[in-house]
Amino acid sequence: MTGDQWGSIRKELSETLGENSFKNWIKPLVYLGTKDGIARFQVPTNFMGNYVSQNFGDVILSKVANVDPTIRRIAFETSAPKAASPKAAAPAPVAAPQFVGEEETAPQSDALNGSPLDKRFTFDSFVVGKPNELAHAAAKRVAEGGPVTFNPLFLYGGVGLGKTHLMHAIAWELRTRQPHLNVLNLSAEQFMYRFVQALRDRKMMDFKELFRSVDVLMVDDVQFIAGKDSTQEEFFHTFNALVDQNKQIIISADRAPDEIKDLENRIRSRLQSGLVVDLHPTDYELRLGILQSKSEMYSRMYPGLEVEKGILEFLAARIVSNVRILEGALTRLFAFASLIGKPITMDLTQECLTDILRVSERKVSIEEIQRKVADHYLIRHSDLVGPKRVRTFARPRQIAMYLCKQLTTRSLPEIGRHFGGRDHTTVMHGVRRIEELKKQDAQIAEDVELLRRSLEA
Ligand code: ADP
Ligand code: MG
């Protein structure tokens, strides 16, 4: 990537991220060059490097990879490296971007260590709601470590819904309740890595012994081994050996066993032989609960930082994708507000989260808008879109057109077609008219606001 290319990416970023975020986080980055597929940037502080990496890493990477497909990673470096080795001419990267769903895959010397457990992922910090109550109850039961009743426990659900969190929570709980148990928690990818390494080093006996000696085996993201035949084979044997010894197995995947393609049937049926529970997509209440619990934590971290009423509700309604993104939004919001020393208001939220909010924009249809407006003014849909020009129909019609322009991405001619084949100039006139009236007529302003809010809810 050339400096000029980075220059135009910067311009794009300033548009997607909004002026403030751009000024604070993107502008100070100095592009150093690309080598071995890594685009390097200089940042003034470590804090900033980490922050940018976590919050904007994905969007920056996708943009730079777009202009230069050889770039696979971005790295941020502070200007003053601690010279660790005499050869340390290039400063060490302070943080690699965190890719969604990726686990630490560095080889481990201690054979029995799986993934390091994340301190934040406990039962205490897991917010329970309708969509996840079954998965939570099952995880709790397994963590209590009584007799093995369902084996395996198979947890599945979309990305960012809490599978890894629950698995770590089980591991933590078992560690305190039954410290003598040998609990191994790893991702399917790590399982494969170990397996391949054992093959290469001719240490298959050790490998088999190791896995057969655990009391509780947890394998995260098992969909990863789909299509990897010898890993599946080995997994199958490990699995059977443990079940035969009545050892607990906990598996997670991003979909149900019968939806994982390229999985051997005997493995599929083994996975289904225990308890299969799914984490449903979050609902509004769960999202609000999670936001409340996180924001309490942040309020302790940033004492004195005020959060205006209604912000969490707004975020819970607007960011419906997944918990990881929801959390990321809140983290950024608190970090941003504390940095500039201002309370978290609606304006600040909109500004700071422009990119996330834009992506999660709910798609409202023209039909929905027409229905709501007709209901609101107690007129028939046919009159709303029909030819009559009396004020009782014309005004609601203009309001509906205005809302279509505001809330959908449809063009003026398209909107016109949905209103009885009207011309785009008519739609434009209607939109302008409402813009003016909103300033002069409090009743109309209020109606429009009400309708907008109920359409966006
Ligand atoms: P998955 O493994 O299903 O992709 P994770 O377990 O990594 O998802 O969860 C993503 C993020 O969302 C984590 O930071 C996790 O703590 C958080 N999270 C998910 N569900 C909940 C919940 N119910 N309560 C609190 N935090 C949650
Ligand atoms: Mg996970």
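The shown structure was predicted, so the numbers you read here are calculated from the model rather than taken from an experiment.

So, how was this worked out
- Residues numbered from 1 in each chain as written.
- Chains lettered and ligands numbered in written order.
- Predicted model: local features only at pLDDT ≥ 70, side-chain atom pairs only at ≥ 80, totals over all residues.
- Heavy atoms only, no water.
- Pairing = 2+ DSSP bridges.
- Helix = DSSP H or I, 4+ residues; strand = E, 2+ residues; numbered from the N terminus.
- Axes fitted to C-alpha atoms, helices over the stretch in contact; angles between N-to-C directions.
- Contact = heavy atoms within 4.5 Å.
- Near = heavy atom within 4 Å.
- Polar contact = N/O pair within 3.5 Å; in protein donor to acceptor, adjacent residues only side chain to side chain.
- Areas by Shrake-Rupley, 256 points an atom, 1.4 Å probe, with all protein chains shown as cover.
- Domains from an automatic or database assignment.
- Buried < 20%, exposed > 50% of the residue type's maximum accessible area, 1.4 Å probe, protein only.
- Left-handed = near helix turned anticlockwise from the far one by under 90°.
- Nonpolar A, V, L, I, M, F, W, Y, C, P; charged D, E, K, R; others polar.
- Core = buried A, V, L, I, M, F, W, Y, C linked by side-chain atoms within 4.5 Å.

K.L.:
Looking at this model, I keep getting lost on the sheet that holds strand β3 (residues 73-78). Mind explaining?
P.N.:
Strand pairing in a sheet relies on backbone hydrogen bonds. The paired strands run either parallel or antiparallel. A sheet is described by the order of its strands in space; here 3 strands give the open sequence β1-β2-β3, paired in mixed fashion. If you trace the sheet from one side to the other, it starts and ends with β1 (30-35) and β3, each paired once. Neighbour to neighbour, the strand axes of the sheet diverge by 25 degrees on average, direction disregarded. Pairing of strand β2 (residues 38-43) with β3 involves 6 bridges; the strand directions are parallel. Note that in β3 the partner of Gln-42 across the bridge is Glu-77. In the packing of helix α3 (residues 46-67) onto the sheet, contacts are made with β2 and β3, and the angle to β3 comes to roughly 155 degrees.

K.L.:
Whenever I open this one, the site of ligand 1 confuses me. Can you help?
P.N.:
Around ligand 1 there are 18 residues in total, and Val-127, Gly-160, Thr-164, His-165 and Glu-327 lie nearest to it. Within the side chain of Asn-132, a nitrogen or oxygen atom sits 3.3 Å from a nitrogen atom of ligand 1. Between ligand 1 and His-165, the relevant distance is 2.7 Å, taken from an oxygen atom to a side-chain nitrogen or oxygen of the residue. For ligand 1, whose unbound accessible area comes to 560 Å², protein coverage reaches 95%. Within the residue set of the shell around ligand 1, elements represented by two or more residues are α5 (163-177), α10 (284-301) and α12 (323-340). Counting the residues that make up the shell around ligand 1, at least three belong to each of domain 2 (113-278) and domain 3 (284-359).

K.L.:
Can you walk me through unusual backbone geometry in this structure?
P.N.:
Generally, phi is negative for residues other than glycine and the peptide bonds are trans, each holding for most cases. Of the consecutive residues Asn-151 and Pro-152, the connecting peptide bond is found in the cis state with omega at -5 degrees. Structurally, the position occupied by Pro-152 is in the loop between α4 (133-144) and β4 (153-157). With phi around 50 degrees, Asp-36 is a residue other than glycine that occupies positive phi space. Taking the relative accessible area as the measure of exposure, Asp-36 reaches 61% and is therefore exposed. One non-glycine residue, Leu-378, adopts positive backbone phi at about 55 degrees. Mapped onto the secondary structure, Leu-378 falls in the loop between α15 (366-376) and α16 (381-385). Residue classification places Leu-378 among the exposed residues on the basis of a relative accessible area of 77%.

K.L.:
It is not clear to me how the packing of α10 against α12 should be interpreted in this structure. Could you clarify?
P.N.:
A pair of packed helices is captured by two measures, namely the crossing angle of their axes and the spacing between those axes. Interaxial distance between α10 and α12 falls to 10 Å at its minimum, and their mutual angle equals 35 degrees. Every pair of crossing elements has a handedness; the one defined by α10 and α12 is right-handed. Contacts between α10 and α12 involve Arg-287, Ile-290, Leu-291, Lys-294, Ser-295, Tyr-298 and Ser-299 from the first element and Val-323, Leu-326, Glu-327, Leu-330, Thr-331 and Phe-334 from the second. Considered class by class, the residues forming the contact of α10 with α12 number 7 nonpolar, 3 polar and 3 charged.

K.L.:
What's the story with the nonpolar core in this structure? I'm lost.
P.N.:
Note on soluble globular proteins: their nonpolar side chains tend to be buried together. Grouped together as the largest cluster of nonpolar side chains are 48 residues, with contacts concentrated most on Trp-6, Leu-29, Phe-41, Ile-60, Val-64 and Leu-315. With 8 residues, α12 is the largest single contributor of residues to this core. Excluding its chain neighbours within four sequence positions, the residues that come into contact with Trp-6 are Met-1, Leu-13, Ile-26, Leu-29, Tyr-31, Phe-41, Ile-60 and Val-64. Counting 29 residues, the second-largest nonpolar core is a separate cluster that includes Phe-191, Phe-211, Phe-239 and Ala-253.

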